Amino acid sequence: MSDVLAVLVCLAGGLAGGLVGVGGGILFVPALTVFIGLGQVEGEATSLLMIVIVALVGTYRQRGYGNVRMREALIIGALSPLGVLAGVAASNLLPQRALQLAFAALALFMAAHLVRRARAA
Amino acid sequence: MPDPTVAARRNELLRLAAIGTAAGAFSGLFGVGGGTVIVPLLIFWFGYGERLATGTSLAAIVIVGSLGAIAQGGIYGNVHVVTGLLLAIPAVIGVVGGTAVQQRIPQQAVSYLFALLLVAVAVDLILK
């Protein structure tokens, strides 16, 4: 039964990934930890493998629809390790809770801005 | 006399670098994946339409995710390869369906869905 739920949640994760351009990890990690029973670290690592596969197929499809700027994507991807280092530095300077709340605030701000922009369009 | 096209290119590169850095930082810190920041910033800073932003985001995630997997050393240690590959099957069916549906709905609907996702991420972070 929990296997079936894991399959359904992963289907939903892929669907969300295709619709809004994310990897789907937000749903893959709980599917792997809650329904399959992996630990948090193993769940996140296994989720990364799934994210890469989903993003590859999603990119292939979106490229067919003419929705991918490859050069820009390569620059963003290539520079992301800088961010990992910055993240480590930030987590040494600030408590985890402050970072969580700061990103939550940023996410809410971006959500509001997206909605405002879409309504004006 | 500075060349305006050179300045514009530098500006563009700086913004892309900022997006890459933000994506890496947030995925490293919270395991939320880069897409949550890549898509909105491509829309806000580059004026991308929602479809172009989400397509480009997926391509960037291939690289961010691969680097993340390598950095974790997870390929050999923590990744449950068979489980991951098996569960990737429904996920891939989902992403093919999701991208197909996305071409048939108004772009603004994608923004509303994304806003919903961001609210869910925020709630999750606040409740942690």
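Residues numbered from 1 in each chain as written. Chains lettered and ligands numbered in written order. Predicted model: local features only at pLDDT ≥ 70, side-chain atom pairs only at ≥ 80, totals over all residues.

Regarding the nonpolar core
When a protein is soluble and globular, its nonpolar side chains tend to lie buried together.
Thought 1: V54(A) and A91(B) are the most contacted members of the largest nonpolar core, which has 76 residues in total.
Thought 2: The contacts of A91(B), once residues within four sequence positions are left out, are C10(A), L11(A), G13(A), G14(A), G24(A), F28(A), M50(A) and V54(A). (Core = buried A, V, L, I, M, F, W, Y, C linked by C-beta atoms within 7 Å. Buried ≥ 20, exposed ≤ 12 C-beta atoms within 10 Å, placed from the backbone. Contact = placed C-beta atoms within 7 Å.)

Comments concerning the interface of chain B and chain A
Thought 1: Contact residues are listed per partner, giving 81 residues for chain B and 81 residues for chain A.
Thought 2: For the side of chain B that touches chain A, the elements supplying multiple residues, two or more each, are α1 (4-30), α2 (35-46), α3 (50-71), α4 (81-102) and α5 (107-127) of chain B.
Thought 3: In terms of residue count, α3(B) provides more of the side of chain B that touches chain A than any other element does, 20 residues in total. (Helix = DSSP H or I, 4+ residues; strand = E, 2+ residues; numbered from the N terminus.)

Some thoughts on the packing of helix α1 (residues 2-20) of chain A against α4(B)
Thought 1: Two elements in contact, α1(A) and α4(B), have axes separated by 6 Å at closest approach and are oriented at 35 degrees. α4(B) is crossed by α1(A), and the crossing has right-handed handedness.
Thought 2: Partitioned by chemical class, the residues of the contact of α1(A) with α4(B) number 16 nonpolar, 9 polar and no charged. (Axes fitted to C-alpha atoms, helices over the stretch in contact; angles between N-to-C directions. Left-handed = near helix turned anticlockwise from the far one by under 90°. Nonpolar A, V, L, I, M, F, W, Y, C, P; charged D, E, K, R; others polar.)

Quick notes on helix α5 (residues 96-120) of chain A
Thought 1: Taking 1.5 Å per residue as the helical rise, α5(A) with its 25 residues ought to reach 36 Å, and the 36 Å between its terminal C-alpha atoms agrees with that figure.
Thought 2: Within α5(A) the residues assigned to the buried category are F103(A), A104(A), A107(A), M110(A), A111(A) and L114(A).
Thought 3: Those residues of α5(A) that are buried lie in contact with α1, α2 and α5 of chain B. (Expected span 1.5 Å × (residues − 1).)

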